[in-house]
Amino acid sequence: MAVFCTDAGHGGVDSGAVWQGVREKDINLQVTLQLNQWLKQKGHRVFTTRRSDDHVPPLRTRCKLVNAHHRQKAPAFDAIISIHCNVAARFEPSLDDYLPLPQRRGLYVIYSEESQAGTQLAQAIARACDARGVHLAHGGKISTVELGRSLAWIHQTLPPAVLVELGFLTNPEECALLQDASYQQTLIQAIAVGLENAISPVT
């Protein structure tokens, strides 16, 4: 049995990415709640930063809560994972609007090269997603160094941490898939199997 903390990115007044009425925060929450259920059914302990779209703590508070629990071993987490969606668009001055870059698509896992456990988490989740036919970007994983920026969920928390970008809302096919219950189940099972394999590697 492992102990995980999940995070449905954004929430409350923070919608995250929005494209043609589809809000990132809603998909993040749908996937995270189902991931929690899947992991619990496998016998793991699961804590989460939000269960609804009400009374959502800001990211900095979420990170502090994770660290407080982990530091006090109440409980110590084997891994923490934040769920997000992506957009890719460019601003067109002549239209005073953003235009999508629909060629951008694919799931990838963000991790810190400084964390061996975080790197293993990213690799395991990427492999599990690839095995289930999920389209990957960046080969399924990218470090924050390659990304060119630090992320609070990864760099301001103590446990091994990853952030999963499920796909691009600005790609029409992927946007439809991310709202599809069957595809969400594919993602959830792949992410869960990846987490389990990273914590207890298959020999």
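Since the structure is predicted, the reported quantities are computational estimates derived from the model, not experimental observations.

**Q** Would you explain the side chain of Q184 in this entry?
**A** By the secondary structure assignment, Q184 is in helix 7 (residues 181-199). Take Q184: its relative accessible area is 3%, and that puts it in the buried class. A distance of 2.9 Å separates a polar atom in the side chain of Q184 from a polar atom in the side chain of Q30.

**Q** Teacher, can you tell me more about the layout of surface pockets here?
**A** Leftover empty space is mapped by rolling, across the atoms, a probe with the size of a water molecule. Volume-wise, the largest pocket comes out at about 460 Å³. If you trace the largest pocket, you find 27 residues lining it, with H10, H84, R149, L151 and L163 closest to the centre. Counting only elements with at least two residues in the lining of the largest pocket, the list comes to helix 2 (59-71), strand 5 (79-86), strand 8 (107-111), helix 5 (152-155) and strand 10 (161-168). When residues of the lining of the largest pocket are assigned to their parent elements, the largest contribution, four residues, is made by strand 5.

**Q** For this particular structure, what's the right way to read the pattern of salt bridges?
**A** Side chains carrying opposite charge are able to pair once their charged atoms draw close together. Counted by the stated rule, this structure contains seven salt bridges. The partner of D53 in a salt bridge is K25, with the nearest N and O atoms 2.7 Å apart. One end of the pair, D53, is in the loop between strand 4 (45-48) and helix 2; the other, K25, is in helix 1 (residues 24-41), with 28 residues separating them in the sequence. The shortest N-O distance in the salt bridge between E174 and R105 comes to 4.0 Å. Here the residue E174 occupies a position in helix 6 (residues 172-178), and R105 occupies one in the loop between strand 7 (97-100) and strand 8, the gap between them amounting to 69 residues. On the accessibility criterion, E174 (1% relative accessible area) is buried. When its relative accessible area of 24% is taken as the criterion, R105 is described as partly exposed. One salt-bridge network, held together by shared partners, links K25, R50 and D53.

**Q** Can you help me understand the nonpolar core in this one?
**A** Here is a general trend for soluble globular proteins: nonpolar side chains tend to be buried in one another's company. The biggest cluster of nonpolar side chains holds 41 residues, and the ones touching the most others in it are L107, L166, L169, I191 and L195. Taken together, the elements giving at least two residues each to this core come down to helix 1, strand 5, strand 8, helix 3 (116-131), strand 10, helix 6 and helix 7. With nine residues, the top contributor of residues to this core is helix 7. Those residues in contact with L107, other than ones at most four positions away along the chain, are C129, V134, H135, L136, A137, G140, V164, E165, L166 and L187. Grouped together as the second largest cluster of nonpolar side chains are 17 residues, C5, I142, L151 and W153 included.

**Q** Can you walk me through the sheet that holds strand 5 in this structure?
**A** Sheet strands pair by backbone hydrogen bonding; their relative direction is either parallel or antiparallel. Strand order across the open sheet formed by six strands is 4-1-5-10-8-9, with mixed pairing between neighbours. Each of the sheet's edge strands pairs with one partner strand only, and the pair in question is strand 4 and strand 9 (136-143). Direction aside, neighbouring strands of the sheet carry axes that sit 20° apart on average. Relative to strand 4, strand 1 (residues 3-8) is paired through four bridges, and the arrangement is parallel. What sits directly across from F4, in strand 4, is V46. In the packing of helix 1 onto the sheet, contacts are made with strand 1, strand 4, strand 5 and strand 10, and the angle to strand 5 comes to roughly 145°.

**Q** Would you mind showing me how to read the packing of helix 1 against helix 7 here?
**A** Taken N-terminus to C-terminus, the directions of helix 1 and helix 7 make an angle of 50°; their axes are 9 Å apart at the nearest point. Considering the angle they form, helix 1 stands oblique to helix 7. Here helix 1 runs over helix 7; the crossing is right-handed. Between helix 1 and helix 7, the residues in contact are I27, Q30, V31, Q34, L35, W38 and L39 and Q184, Q185, I188, Q189, I191, A192, V193, L195 and E196, respectively. Counted by class, the contact of helix 1 with helix 7 contains ten nonpolar, five polar and one charged residues.

Cut-off values and rules
Residues numbered from 1 in each chain as written. Predicted model: local features only at pLDDT ≥ 70, side-chain atom pairs only at ≥ 80, totals over all residues. Heavy atoms only, no water. Helix = DSSP H or I, 4+ residues; strand = E, 2+ residues; numbered from the N terminus. Buried < 20%, exposed > 50% of the residue type's maximum accessible area, 1.4 Å probe, protein only. Polar contact = N/O pair within 3.5 Å; in protein donor to acceptor, adjacent residues only side chain to side chain. 1 Å grid on protein atoms, 1.4 Å probe; cavity = no way out; pocket = protein on both sides within 12 Å on 5 of 7 lines; lining within 4 Å. Points joined across faces, edges and corners; volume = space filled by probe spheres on them. Salt bridge = Lys/Arg side-chain N within 4 Å of Asp/Glu carboxyl O. Core = buried A, V, L, I, M, F, W, Y, C linked by side-chain atoms within 4.5 Å. Contact = heavy atoms within 4.5 Å. Pairing = 2+ DSSP bridges. Axes fitted to C-alpha atoms, helices over the stretch in contact; angles between N-to-C directions. Parallel < 35°, antiparallel > 145°, perpendicular 65-115°, else oblique. Left-handed = near helix turned anticlockwise from the far one by under 90°. Nonpolar A, V, L, I, M, F, W, Y, C, P; charged D, E, K, R; others polar.

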